[in-house]
Each structure stands twice: as C-alpha cells, then as structure tokens.
Amino acid sequence: MKVHLTFDVEIWCNGWQRLDAEFPAAFERYVYGRSARGEFALPATLEILQRHGLQGVFFVEPLFSARFGAEYLKRVVALIEGAGQQVQLHLHPEWTDEITPPPIADVSRKRQHLCHYDRAEQSQLVAYGLALLRAQAGGEISAFRAGSYAANLDTYHALAAAGLQVDSSLNTEYEVSGADLPDRGNMASVREVGAVQVYPITLFRDGRGRLRPAQVGACSLAEMTQALESAATLGRRHFVIVSHNFEMLRPGRSEPDTIVVSRFEGLCRYLAAHRERFDVCGFERVPVGASVQADAAPARLPSTTRWATWRRLGEQALRRWP
Ligand SMILES: [Zn+2]
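One structure accompanies this document, and this report is about it. Since the model is a prediction, treat every value here as computed from it, not as a measurement.

1. Some details on the overall build of the protein chain
Link 1 in the chain: Tallying secondary structure elements over the protein chain gives ten helices and 13 strands in all.
Link 2 in the chain: The C-alpha radius of gyration computed for the protein chain amounts to 19 Å, which stays within 12% of the reference 20 Å derived for 322 residues, consistent with globular compactness.
Link 3 in the chain: Referenced to the eigenvectors of the C-alpha coordinate spread, the extents of the protein chain come out at roughly 50 × 50 × 35 Å.
Link 4 in the chain: Sorting the 322 residues of the protein chain into buried and exposed places 57% on the buried side.
Link 5 in the chain: Total accessible area computed for the protein chain in this model is approximately 13,300 Å², and 52% of it derives from carbon and sulfur atoms.

Here it is, written out as structure tokens:
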C-alpha cells in the first residue's frame, strides 16, 4: 500500500487586524517553532522524516508571501527541499484581499474558502499561487490541496487549466469539502474528477463507530497504525495522512506538544519498520484503469479498536491539562 504522509504548511497572524505587526513572530513560530527543547515546527518535522528515511509531501501556502515578501516563501521552500522533501501547492484564498495589487478583480470582502470564488476567480488564484511557488521551488509542482479542504467542482476545472493533475483536497468530514461533487460520499482512495486524479484524506471508523480523518494531531498512534493495518487488509492501495507545520506545537505557543511529538515519532518509526508493506511516497498520477477502478469500488472503511480510540480520548484529556 502506498502511504502519503502530507503536511499543510501555512502561516497565520492571530486574525487580520494587525498583520504587519504580528507577522515576524508568527513566521518564527509557524516555520521554526523555537523552544528550549528544539524547533518543533518544520525543523523537527523534517528531521524526524529524514532520520526514518521517509518521503513526505509538503503542501505550501504561498499567498501570504505576496503580502510580506517572496524571501519568506523562499526560506520555507529551501528548508523543505533542503531536507529532500517534496513541495506542492496549498492555497488559502483568505489572503486574497490582503495583497496589493490584488490577484483578482473583486476583493471587496474577505472570502475564506476556495469554493466561495467562481471558476474564473479560482483559475486566476491557482495560477497566481502556482507562479509564486514555482519561482522558489526547485522540484516540479504537480499536486494541490485546497485550504480547509474547500474544493468544489470549479476547483477541478481550475486545476486542470493550470496543468495540475493531482489533488488531495477532499476530506468529507468537513462540510465545505467537495460539497457539489456528484458522488461526494464515495470514500474511494483514488478517483477522477474531470481531468484531475484525486487522493482524498483517508477516513477510518474509530472504536466508537465514528468517521475520523487520518490526521496526526487528531488520532492516537494506535488508531493510526490500526487504520493502516486495516486499510492494507481491505486491499486499499493508498492511504493519505494529513498533518501541519505547527501540529507538534501547543496551541498559540512555541512549545512542543509532547503527546503529538511522540505520536509522530511513533508513526514514522512504525512506517520505517514496515517498509516492505508501506511504501511512503509522493503523489504521482497513476494510470487510469486498474488501480483507480479497483479503489473506486464502494469502499469499506478501515477501522480501529475501542482501546485505540479510548487511548486518544485519554491523551486529549491530558493535552487539555495546563
Ligand atoms: Zn491549510
């Protein structure tokens, strides 16, 4: 089974009121996350991947740099590519109205999600973001993930127009994700939407029977490894895990969340130890036909035990402890 270990990389400035005053500290926290125990934003993420010899995919949000300067995007991309990891495109269009000159004509109000923009606007935004990222990235950009998973049918037209053939935006646990797709409920691990091949975030059924996305910060290590085992047993060909550049940090702080750090370490150790079964790799367009069709059959979802889910609930209680 191919495992896609993905990270959405983005920078936020504590709201939109004091962007320029907040940015320097925000950049330091979101990119480096310095603390007495180490740098638990990108540096530790990259170091752990490298130590275990794993290939990750980093969906990097470039629009922030049109506000603050290309050199910031350059530093982010250099860190990731310098560690041998793959850079792909992530887009949070809520930056659109903060950029001068604006990349689209109508910036009269802040619109958070890509699906709030029409097809022509989405095409302009994707092309604009792609140009910003390509100006800094050495590797080829061929894959996309919408901010907040908020892709719709128009997004797939915009991606096709930009020549982006692979997408990993769907996470149907979010209402805004793929809302107008005709077979939205199809949880197949790879599917075609128009000319674009789509790898949804893997969903599994937790020990209480609830659907849960495979996200590092939101699953216990036991849930993640059981979901991986279960997906492999079901014959799934792809498993998409999501995390973020700041997922190992405590909310609003530059200190590591030790529970999430040990989950991520544990996940990487587990994937590295089971290399013969789990091929951790980037996104490539697979030939339409056998692989896509096999995965497109109404999929039984991977599942985990109650114990693994109780473990997560216990960890969450501990994480809320000050
Ligand atoms: Zn994002």
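Now that the structure is up, let's keep going.
2. Concerning the packing of aromatic side chains
Link 1 in the chain: Taken as a whole, this structure holds 17 aromatic pairs when the rule is applied.
Link 2 in the chain: Taking 4.9 Å as the distance between ring centres and 80 degrees as the angle between the ring planes, the aromatic pair formed by Trp 16 and Trp 95 counts as edge-to-face. Placement of the pair is Trp 16 in the loop between β1 (2-9) and α1 (19-32) and Trp 95 in the loop between β5 (86-91) and α5 (119-134), with a sequence separation of 79 residues.
Link 3 in the chain: Ring geometry for Phe 27 against Tyr 72: centres 5.0 Å apart, planes inclined by 70 degrees, an arrangement best described as edge-to-face. Of this pair, Phe 27 sits in helix α1 while Tyr 72 sits in helix α4 (residues 70-82); the two residues are 45 residues apart in sequence, bridging distant segments of the chain.
Link 4 in the chain: Assessed through its relative accessible area of 2%, Phe 27 is described here as buried.
Link 5 in the chain: Its relative accessible area of 21% is what places Tyr 72 among the partly exposed residues.
Link 6 in the chain: Its end group placed over the ring of Tyr 30, Arg 29 keeps NZ or CZ at 5.0 Å from the ring centre.

3. A few points about the nonpolar core
Link 1 in the chain: Formed by 80 residues in total, the largest nonpolar core has its most connected members in Leu 5, Phe 239 and Leu 271.
Link 2 in the chain: Apart from residues lying up to four places away in sequence, Leu 5 is in contact with Leu 49, Leu 54, Gly 56, Val 57, Ile 241, Leu 267, Cys 268, Leu 271 and Val 280.
Link 3 in the chain: Of all hydrophobic cores here, the second largest spans twelve residues; its members include Phe 59, Ala 143, Val 190 and Val 240.

4. Focus on the pairing of β1
Within a regular strand, side chains alternate between the sheet's two faces.
Link 1 in the chain: Of all eight residues that make up β1, seven are buried, and the element is covered over most of its length.
Link 2 in the chain: Two strands pair when backbone bridges link them, and β1 and strand β12 (residues 238-244) are joined in this way by seven bridges, in the parallel orientation. Each bridged residue has a counterpart across the sheet, and for Lys 2 the counterpart in β12 is His 238.
Link 3 in the chain: Summarising the sheet, β1 and strand β13 (residues 279-280) pair through two bridges and their orientation is parallel.

5. Brief notes about the packing of helix α8 (residues 258-273) against helix α10 (residues 306-320)
Link 1 in the chain: Two elements in contact, α8 and α10, have axes separated by 9 Å at closest approach and are oriented at 140 degrees. Here Ile 259, Val 260 and Arg 263 of α8 lie close against α10, whose contacting residues are Arg 312, Glu 315, Leu 318 and Arg 319.
Link 2 in the chain: When the residues that make up the contact of α8 with α10 are grouped by side-chain class, the tally is three nonpolar, no polar and four charged.

6. With respect to the layout of surface pockets
Link 1 in the chain: Within this model, the largest pocket holds a volume of roughly 280 Å³.
Link 2 in the chain: Taken together, 15 residues line the largest pocket, and the ones lying closest to its centre are Arg 250, Asp 257, Leu 318, Arg 319 and Arg 320.
Link 3 in the chain: It is α10 that contributes the most residues to the lining of the largest pocket, four residues altogether.
Link 4 in the chain: Taken together, the residues of the lining of the largest pocket sort by class into six nonpolar, two polar and seven charged.

7. Observations concerning the pattern of salt bridges
Link 1 in the chain: Across all of its chains, the model carries 23 salt bridges by this definition.
Link 2 in the chain: A salt bridge links Arg 67 to Asp 20, with the nearest nitrogen and oxygen atoms 2.5 Å apart. With Arg 67 in helix α3 (residues 63-68) and Asp 20 in helix α1, this pair connects stretches of sequence that are 47 residues apart.
Link 3 in the chain: Accessibility expressed as a relative area gives 28% for Arg 67, which makes it partly exposed.
Link 4 in the chain: For Asp 257, the salt bridge goes to Arg 319, with nearest N and O atoms at 2.8 Å. On the criterion of sequence distance, the pair formed by Asp 257 in the loop between β12 and α8 and Arg 319 in helix α10 is long-range, its members being 62 residues apart.
Link 5 in the chain: Ionic contacts of the salt-bridge type, sharing partners, join the residues Asp 20, Arg 67, Asp 97, Glu 98 and Lys 110 into one network.

Thresholds, definitions, all that
- Residues numbered from 1 in each chain as written.
- Predicted model: local features only at pLDDT ≥ 70, side-chain atom pairs only at ≥ 80, totals over all residues.
- Heavy atoms only, no water.
- Helix = DSSP H or I, 4+ residues; strand = E, 2+ residues; numbered from the N terminus.
- Rg over C-alpha atoms; globule rule 2.2 N^0.38 Å.
- Buried < 20%, exposed > 50% of the residue type's maximum accessible area, 1.4 Å probe, protein only.
- Areas by Shrake-Rupley, 256 points an atom, 1.4 Å probe, with all protein chains shown as cover.
- Phe/Tyr/Trp six-rings, centres within 6.5 Å; stacked < 30°, edge-to-face > 60°.
- Lys NZ or Arg CZ within 6 Å of the ring centre and 35° of its normal.
- Core = buried A, V, L, I, M, F, W, Y, C linked by side-chain atoms within 4.5 Å.
- Contact = heavy atoms within 4.5 Å.
- Pairing = 2+ DSSP bridges.
- Axes fitted to C-alpha atoms, helices over the stretch in contact; angles between N-to-C directions.
- Nonpolar A, V, L, I, M, F, W, Y, C, P; charged D, E, K, R; others polar.
- 1 Å grid on protein atoms, 1.4 Å probe; cavity = no way out; pocket = protein on both sides within 12 Å on 5 of 7 lines; lining within 4 Å.
- Points joined across faces, edges and corners; volume = space filled by probe spheres on them.
- Salt bridge = Lys/Arg side-chain N within 4 Å of Asp/Glu carboxyl O.

By themselves these figures say nothing about function.
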